[in-house]
Structures are given as C-alpha cells and as structure tokens.
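Notes for the structure review
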Amino acid sequence: MVLLRLAFKNARARFSHYLAYVLACALAITIFFSFNVMATTAKFLPAVAQQQRVRFALLTTSFFIVLFMAAFMLYANLFFMQQRHQEIGLFNLLGVTRWRIGLLFFLENLLLGLVSLVLGLLLGILLSKLLAMLLLRLLDITLATTLLFSWAAVGQTTSIFLVLVVILAVMDASLVYRHRLAELFRQKPPATSHISIWHYLGGGIGLLLLGYAYWSAQNYSSVVHHYLFFGSTAFMVLPLLILVAVLVGTYLFYQASLSLILQLLRRHKRFSYHGLRLVTLANLAQRLKRNGSISWLVTILTAITLTILGSMTILYAGTQSVLNDEQPVALTVEKQLSAPVKKALVQARIPIRTTQTARLKVVSARFKLRSALALNYGAYVGPISVIRLTDYHAMQQIQPDLPALTLTEQQSVLLIRQVSNAGQASHQGRLAIQLNTPQIKKLAVKQISHVFPYGSSNYVGETGLVVSDQTYQRLAADAQTQPLAFDFAHTAKSERVSKHLAKNYGQREWQFQPTTNKANFANLHFQQLMHPVTENNANYSLPLLNVRYPRVHDLRTLFGLDAYITGFVSLIFIMATGSIIMLKQLAEAAENRSQYALLAKLGLGRHAVRQAIYSQTVVTFLLPVGLGLVNAYFALHILNVWLNQLDLTFAYIIGLVYLVVYTGYCWLTANAYYKLVQQK
Amino acid sequence: MPLIDVHDVHKVYGHRLSLVTAVAGISLAVAQGEFVGIMGPSGAGKTTLLNMMATIDRPTSGQIKIAGKDVTYLSERVLAKFRREQLGFIFQDFNLLAALTVRENIILPLTLAGLKVPVIEEALQKTVHLLGLTAILARYPDEISIGQKQRVACGRAIINQPQLLFADEPTGSLDSQAATELLRYLTTINQQLGTTIVLVTHDAFTASYCKRILFIKDGAIFSEIVRQGSRQAFFQQVIDMQATIGGGGNANGPFTTSI
Ligand SMILES: Nc1ncnc2c1ncn2[C@@H]1O[C@H](COP(=O)(O)OP(=O)(O)O)[C@@H](O)[C@H]1O
Ligand SMILES: [Mg+2]
C-alpha cells in the first residue's frame, strides 16, 4: 500500500525530530507498566506489609500518569500539526484528497505510538525488577525478587496506550480533514512587537509582585505582624497572598517583564552593540514570548512538585520528631505489667542494654503560655505528671539528649510537646504554674523543655513537670504511675517482638477522670481508674505499654512510598515538559535556518553561531526551572518557619536532579539545533 | 592588478550518480572601482559564480584571487573575517532579520566586526542619510515596504564601506520605480565611494546601469559588452545580446516598457 509506505517513510524521516517525544512517551509507558506489574503480581505484593495501601498508591499513580500522558500527547500532537500545516496544504494542492492526507497522518501517528509502546514495554520488562527493588528498599523490606512479569499488565498497558494513540490519531486526521486550504497556508503572525505602555506597566507590576512575594516569604515571621488586622487568620492569609503574588507575578514576568528587560538591554548600546548580542537578544525575546505559557506552567509545576517533595520531607521529619518526643525509648511499660513483658523479651533473646524506672505523681495544674502565633498552647487546666530531678537525671543514661538541670525548691521545669508549641518564642518571661495540692500551691517555671524522660506518652495530658527531690517529697498526688523503660537495639527481631507485645497489651490503659467540675480549679482532682479499660470514656488516658520500633518502621514505609511515587511522577513531568520545550526549539531551528545562513554570509564564524545558539537555549531551558526552584525555595521557607527548623536536603536533591535533567535536555537541544542550522 | 581574478573555475554539485555542472571553466577579471554586471538565463550559473567570488561557496577546481590573495583554500575562519571586513552583500530576497529593527539590521555588520558604539553611530548616520532611511529606523522589516526593505539591505551592505559589493538580483522583487531608485544609489556608491560592484541580474534594465556586462550561458562565458554611450543605447545592446543567447532570456522583462 503506497500510503502506508509513505507514512512509514515520513515517520522515519522525522524520527530524530520526534525522538524526544517518543522517549518521553516510552518512559511514561515504562513506569506505568512497572507500577501495574507490581500492583498485580501476586507473589510480589503479599510480601509487602501494608500491601493494600501500596497497591492503591501504585494504581492511583498510574492512573494519573495516564491522564498526564494524555495531556502531553495532546499538546505535542497539536504542535506537530501546526508545524505541518504547509505540508498538508502542499499535499492538498498536489491533488491528494483530504481523506487520504488524514489517513496518512493517522498512520504516521500510529507508527510513532507503536514504536513508543514497544520501546516502553521492553524497557518496562527489563526495568520493573529494578524499580521493584528500589521500592522494597525504600519500604525497608528485604525480599528476593525475580523478574516481574504479567500478561495482564502487558495487556492493560497496551490497550490503554493504544486507545490513547488511536484517539489522538483520529483527532489529528479529522483536524486535517476539516482544515481549509487557506488556513493551512496561513502565515504566522510576526513575533516581533514594540514595547508599549502595557509592557512597562505589566512588567513593572510583575517584578514588584515577585519582589514583594520573595521578601515577605524570606522575612515571614516578622512580616506577619503587619497583617494582624486579619486577626488570627493572618498566618493563613499571608501565605495565600504570597501564593497569588507569585502566580500572577510569574505570569506577568513571562508576558511582560522579560520583553521589557530584553528591550531595555537592546537599547543599551554599550551592551548590545557587541558581536551577535543584538541577534541573541532579539531571538530570545521572540522565543521567550512564544514559550511564555509553557514556561509559566513549567515554573509553577516545578515549584509545586518541589514544594510537595519538600513539605513531604518536612512532614516526615516532623513525624519523626513527634515520635522522638512521644517515645524516645525502645519500650516503656507500667510496672505492674512489666513481668510478662520482660519475660517475652528474655525468651526472644533480645539483649536488654538498660532498664530504668521512676514514679510519676499525677496532680492538677494550671498555667498559661504567652504566644505569638494562633497555633498556641494557650491556657492549660488539667492533670500533669510530675517527675523528681533524680529520676530525671537517671534517665540520661538512656536518653543522652536530656539537658542537665539544676533546681531550687521553688523552681520547676515545664515539659510540653514541641508541636503544641510550634512557632512560639521559647522566651516566656516570668512564668508560674499553679498546682492543686495542699502543700504546694505554686512553683516558678525556670524553663520550658521539649525533651521528656521516658517520652511524653508516659505523661498524663502529655504535659510534665520536673521538680526538686524535696518538693517532690512534699507533693501529695491524686494518683501515681510507674513507667519502666527497656532499652534495646533496633533489629528485625526486636521490632517483631515489640509489635507482638503492642498487640497483646497495647489496648490497656490508665484512665484519669476529673472528680469535680473542671471550672473550679480549687476542687479539681483526678481519679485513676482500674485497668484494663477498653472503652474510652475518661478525659485522660495513658497506655500501659508503648513501643518505638514498629512506629519507626511504619514511618519509613510511609515516607518511602511517598518518595518513590513523587520521585517517578516528577521524573515523568520533567521529561514531558523538557521534551515539549525541546520540540518547540527544534521547530524554530528550521525556521531560523535562513537567519543563520545569512549571518554566515555576513562573515559570522561557526564558533560565534554555536555560542549564540547555546546561550539562547540555556536561557530558554533553565529560566523556567530556575525560577521554579526560586519559587519553591521561598514556599519551603515559609513552611519551614511554620513547622520549625526541619530537614530540606531531599527537596534540594530533587531540585538539583531537575536542573541536571534540564541541563541534559538543554545540551541535546543546542546540539540538534546547531546541526539543523548548519545543514545546507 | 585586478581586484578580482577568477581563473578557470569549475563548480560541480551533487554525487557520483547525479552530477550538475553549474560553472564550467570561467575566467574573468574585475578591476578596482568597476561596476560589472553578470547576465544570463535562469540556471546559467550566475549565483554560483557570484557566491564563489564572494567566498560564500568554494570552487570544485580553479582559482580565485581577491586583491592578489588566493581565497580558494583559506580556512573558514579567515574567510569569515574577510567577508565581515571587506565585503558587502545585497540579496534578491533582502534577507533582513525579522526579529531586528531596521536600525539593528543595518548596523549588524559593524557589531559583528566589533566596532565601538560611537563609530557605529557615525557610520549609521552617514548610511541612513545617503539612503533616506531616517524615518523608519525603529520599525521592523514586516512594517516597511518592499522598496524600503531593499534599501535597508543596501544600507547593511555598504555600512562597513566595503571595497567590494556583491548584489544578486537586487531588483528582482522591486517595482520599476523602486528598482530605479536602488540602481541610482548603487551608481552613487560606485562613483563617490569608489566601491567595486559586481551585480547579477537577468533583467536588461537593471544591467544597463553597469559599465560592463558578462553574459553567461550553461556555466561558461558567452560574451561581454562594455558601455560606451548613453544608458539607453546600452540597454538596447543588452536586449540584442539576450536575443542572441536565447533560452530562458528575459528580453521582454517587466521593465522593458518603462524606458
Ligand atoms: N546547492 C546546489 N545543489 C545542486 N545543484 C545546484 C545547487 N545550486 C545550484 N545548483 C544548480 O546549478 C545550476 C546553476 O544554478 P544558479 O547558479 O543558481 O543559476 P542562476 O543563478 O544563474 O539562475 C542550476 O542548474 C542549479 O540547479
Ligand atoms: Mg540565481
């Protein structure tokens, strides 16, 4: 069939042009297939704990990959069609019926789609084992994997992408079919334009908005005080304002500020009258204008993905620090439950490094913290657990990060959770705590600490007080608890035993019930109920047994899964946007061939041409990612202020990966561009 | 010593199976200050010959000397510098850069040559004044008429005061009035600045502005005529010669009636 041969020839001739597109499609197919095969392979998933969750995550992600791919392919196809207007018109003039042209395009598309599909599937079959191993690694699971393969996954991948390709091919063909001849030969509107008052206005406003947003974000904690007329919502309103300023500012930056800056540079003769600079500046203005919308999209999406990744790590680090607050010790258990627990540990031959115990007195207390942020602790009325200084210091053996304290009889140290205190100045001035005991009514709070001996989950109301031994002695308690801490190393076995113990005893808890109306502090006492109690009807409760290592494991799993999925999704995202920018540049290269031919005639050396092309390409590629990185940096800065000083290394690494991948694209594009331009 | 000395130059295009001989052994000489025309039917090899003289293309065999220097085997880099500094070009399709304004298009050769801003500004003023382009300096090529475009191209060609100006069918897309105007400018440049001009055309009216015309057919020199009397008489001579050559000649060109 002549048409098929022609389609084949066309597709082959344009293959280098389509390479980026095909590769991006193939990569998405690879990842889609791998996720699918992992979700459906029976022998892989059952081995994974929380398998429902992992399967759900994998399937949801692959669904979004399909959506994203559909958008990407649609965009790329429309772009190709636009590129080939002239060709279609020419065929039409030559007397080929529109139906046949449509069919030709349909076949070409199908061929490209098939190549991507086959490539993607082959890569998927080869790489899915690697991807699975990476997932297991991130989920902290050791499991020997064989080559993963399932016909169901192959079938699903093939059918979904074939449907996509066929829909697009039909769309293209019908577009061709319906096109009027005149439209096909329509010339592009000139990309040049004069700088108008709107450029000054829009460009200026864009830069101001960006400047305002960055400045406010950088100085968030101090700037927020100027927004207090919004009341306690100021802490939400300011980030929202910043977000809007960034979105609009970035848009105006691409639409007006850039043109303005380039135009001003062009008018600055001392700068622009130099070698090829005039041409470079003019070309850049044209390119950035044409790429305005996609650049904006890339900038915003880069910023969003990096912010998500960053905040994910912030959340992870946050959860980690919550765990460190709550349960810094491998296992804590109430004294009366300790015998069977200890027996279980010894039976499992888990080497116990240290044990430590203390008696905590539960009393009613009242205090009030001053706060800058709305997220405050505010006033507290309720039970707290009191520990004596000797017991506190004894625990340093297991928790070396417990700060050393010195206390007089009138002083105390208040222990409160870090999250409850988020964003607050730790300096509270003169603070006192009122206690509802006959002997001691009031103690000065010397300082506030976030490090709980035994962990905050052993303190009633998650609030504690450290007092001197003498004061402790005189204190009449409503109730008493006696946690016993076991310190042992984190191994697979100790984790398993901990989990088992938590399953057996984790439901049992102390419960504390106010005996009088809470409003009347003078009469407030707390009654300790009998255990075990399963139905929760008391105001305060305390589990009798707490374990650390299973929670560490869950945390890692959670984070590993998120990191895995976000990582791959953002990989597809950068590949897709990178190839769109690349395609646009290469299409332009063909257009600009005559320009460079002319410059060569005017006596421009190859070296200068190469340099001009490289610098233009670098700006076009790296500007959106660079600006995206800057935006993400400030967004994370605000989040970091909110959620305390936490770790951003992962976000920085991903940002770096973005830069590296885009630099790679940039290099490929510049080379291809140069070759296209040099072609005679 | 002639400014351009072309000696037995051949140019063959294509591969083994489909060879096209565009230029088949041409020798010619152009003296300093001359205004030479090259005429011939379409496909005769005029553009190819001009491009080789202008160092844009290399001959397959033969030798081209400019100002006594053999340019045939010079490196690309040296040739680029030579073109930048010594030559000017006007093309049939103007070849203006659409992204640059008229001003920027004109000064392009000077910025490429690395001149200082005041020098560039002065040269620009002179050129613009000569060609009457002052009013349209800030416009883009899309916003000016065809005649203006060709004058801009001309301005770009002469701004670096080249000793040699090459023009390939410069009037090809102009109406008669714009063509006449451009040819007058070229004559002025030739007479006042002493610029040597080599002009390719297939149009008799345009050719009649030259002092000497070489006729090319099938890649070889067919004959040569030199202007002695008035331009009108020379024009008639050209028409006659075209009739003699025949084959794709353009004796009834668009400007025949405008004389
Ligand atoms: N790059 C090229 N490749 C192959 N053939 C060419 C090329 N350039 C010109 N030719 C051929 O050389 C001959 C002379 O072309 P040209 O010099 O452009 O003629 P003219 O300018 O006189 O119309 C023509 O037959 C043309 O087809
Ligand atoms: Mg020609």
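Residues numbered from 1 in each chain as written. Chains lettered and ligands numbered in written order. Predicted model: local features only at pLDDT ≥ 70, side-chain atom pairs only at ≥ 80, totals over all residues. Heavy atoms only, no water.

Regarding the sheet that holds strand β5 (residues 69–70) of chain B
Residue and element names in this part refer to chain B. Our working rule: A pair of strands is considered paired only if DSSP assigns at least 2 bridges between the two. Helix numbering and strand numbering both begin at the N terminus, where a helix is a DSSP run of H or I of at least 4 residues and a strand a DSSP run of E of at least 2.
Taken together, four strands build an open sheet; the order of strands is β2-β1-β4-β5 and the sheet is antiparallel. Here the strands that pair on one side only, and so sit at the sheet edges, are β2 (20–30) and β5. As paired elements, strand β4 (residues 61–66) and β5 share two bridges and run antiparallel to each other. Residue pairing in the sheet places I66 in a bridge with K69 of β5.

Some words on the packing of helix α3 (residues 51–83) of chain A against helix α6 (residues 151–178) of chain A
Residue and element names in this part refer to chain A. To keep things clear, this is the line we draw: Axes here mean lines fitted to C-alpha atoms, for a helix over just the part in contact, with angles spanning 0 to 180 degrees between N-to-C directions. By definition in this entry, angles of less than 35 degrees are roughly parallel, angles greater than 145 are roughly antiparallel, angles of 65 to 115 are roughly perpendicular, and the rest are oblique. Crossing handedness follows the turn of the near helix against the far one: under a right angle anticlockwise gives a left-handed crossing, and clockwise gives a right-handed one. In this description, contact between two residues means that some pair of their heavy atoms is separated by no more than 4.5 Å. Under the scheme applied, nonpolar residues are Ala, Val, Leu, Ile, Met, Phe, Trp, Tyr, Cys and Pro; charged residues are Asp, Glu, Lys and Arg; polar residues are all the others, including Gly.
Close contact between α3 and α6 brings their axes to 11 Å; oriented N to C, the two are set at 25 degrees. Considering the angle they form, α3 stands roughly parallel to α6. Remark: the crossing between α3 and α6 carries right-handed chirality. Between α3 and α6, the residues in contact are V66, M69, A70, M73, L74, N77, L78 and M81 and I160, F161, L164, V165, L168, M171, D172, L175 and V176, respectively. Partitioned by chemical class, the residues of the contact of α3 with α6 number 15 nonpolar, one polar and one charged.

Looking at the confidence of the model for chain A
Stated precisely, the cut-off is as follows: pLDDT gives the predictor's per-residue confidence on a scale running from 0 to 100.
Scored by pLDDT, chain A has a mean of 82; 88% of the residues are at 70 or more. Of the regions scoring below 50 in pLDDT, residues 421–426 of chain A engages in 13 contacts with residues more than four places distant in sequence or in other chains.

Brief notes about helix α14 (residues 338–347) of chain A
Residue and element names in this part refer to chain A. Our working rule: Three labels apply to residues, based on accessible area from a 1.4 Å probe with only protein chains included: buried if under 20% of the type maximum, exposed if over 50%, partly exposed otherwise in between. Here the arc refers to the set of directions running from the helix axis out to each C-beta atom.
Every buried residue of α14 is listed here: S338, V341 and L345. Down the axis of α14, the buried side of the element spans an arc of 65 degrees, and every buried residue falls inside it. Counted as exposed and oriented over 90 degrees from the buried face of α14: A339, K343, V346 and Q347. As for α14, its buried residues are in contact with β1 (331–334), β10 (483–487), α17 (492–505) and β14 (545–547). Among the residues trailing α14, R349 stands out with phi positive, at a value near 55 degrees.

Comments concerning empty space enclosed by the protein
If a probe as big as a water molecule is rolled over the atoms, it shows which places are left empty. Residues and elements named next belong to chain A. We apply this condition: Grid spacing is 1 Å over the protein atoms alone, the probe is 1.4 Å, and a cavity is where that probe fits but cannot get out, while a pocket is an open set with protein on both sides within 12 Å along at least five of seven lines and lining residues have an atom within 4 Å of a point. Grid points are joined across faces, edges and corners, and a volume is the space filled by probe spheres set on the points.
Applying the stated criterion across every chain, the model contains eight cavities of 30 Å³ or more. Together, Y18, N77, F80, M81, R84, F105, E108, N109, L112 and D172 line the second largest cavity. Elements with a minimum of two residues in the lining of the second largest cavity: α3 and α5 (98–138).

Let's talk about α17 of chain A
Residue and element names in this part refer to chain A. To keep it simple, the criterion reads: Each helix should span, by expectation, one fewer than its residue count multiplied by 1.5 Å.
Over its 14 residues, α17 extends 20 Å from the first C-alpha to the last, a length consistent with the 20 Å expected when each residue adds 1.5 Å. Looking at α17, one finds that the buried residues are S494, E495, V497, S498, L501 and Y505. Angular distribution of buried residues about the axis of α17 spans 165 degrees; they occupy a single face of the element. The outward face of α17, more than 90 degrees from its buried face, is lined by the exposed residues A492, R496, K499 and K503. Buried positions along α17 lie against β1, α14, β14 and α18 (549–601).

Quick look at the sheet that holds β1 of chain A
All names here are of chain A. Reading across the sheet, the four strands line up as β2-β10-β1-β14 and stay open at both edges, with antiparallel pairing between neighbours. Of all the strands in the sheet, the pair left with one neighbour each is β2 (354–357) and β14. Each strand of the sheet is rotated relative to its neighbour by a mean of 15 degrees, with strand direction disregarded. Note that β1 and β14 share three bridges and pair antiparallel. The partner of V333 across the bridge, within β14, is L545. On top of the sheet, α17 reaches β1 and β14; it is set at about 155 degrees to β14, its chief contact.

Observations concerning the confidence of the model for chain B
The predicted coordinates of low-pLDDT regions are not to be read in fine detail. All names here are of chain B. A residue-level look at chain B finds 95% of positions with pLDDT of 70 or above and a mean pLDDT of 87. In the model of chain B, helix α2 (residues 76–86) stands out as the element of lowest mean pLDDT, 86, in contrast to strand β3 (residues 35–39), which has the highest, 95. We note a pTM of 0.72 for the whole complex and an ipTM of 0.81 for its interfaces.

Focus on the UniProt feature "domain: ABC transporter" (unreviewed entry) in chain B
Applied cut-off: UniProt positions are given in the numbering used here, feature names are shortened, and annotations may be inferred rather than shown by experiment.
Taking the numbering used here, the UniProt-annotated feature "domain: ABC transporter" (unreviewed entry) corresponds to residues 4–243 of chain B. With 39% helix and 26% strand, the stretch residues 4–243 of chain B has end C-alpha atoms that lie 29 Å from each other.

Some thoughts on the pattern of salt bridges
Selection rule: Salt bridge, as used here: a side-chain nitrogen of Lys or Arg that lies within 4 Å of a carboxyl oxygen of Asp or Glu.
Considering all chains together, one arrives at 15 salt bridges over all chains under this definition. Among the salt bridges present, the one from K81 of chain B reaches E85 of chain B, with a minimum N-O distance of 2.9 Å. Remark: E85 of chain B and K81 of chain B occur in helix α2; sequence separation between them is four residues, near one turn of the helix. Assessed through its relative accessible area of 42%, K81 of chain B is described here as partly exposed. On the accessibility criterion, E85 of chain B (36% relative accessible area) is partly exposed. For the salt bridge of E121 of chain B with R103 of chain B, the shortest nitrogen-to-oxygen distance reads 3.8 Å. Separated by 18 residues along the polypeptide, E121 of chain B in helix α4 (residues 117–131) and R103 of chain B in helix α3 (residues 102–112) bring together distant segments of the chain. Residue R103 of chain B is classed as partly exposed on the basis of its relative accessible area, which comes to 26%. Shared partners join several salt bridges into a network, and the residues in it are K269 of chain A together with R103 and E121 of chain B.

Description of the environment of H85 of chain A
Residue and element names in this part refer to chain A. Within the secondary structure, H85 is located in helix α4 (residues 85–93). H85 sits in the buried class, given a relative accessible area of 12%. Sequence separation of H85 and R178 is 93 residues, and the distance between their C-alpha atoms is 12 Å.

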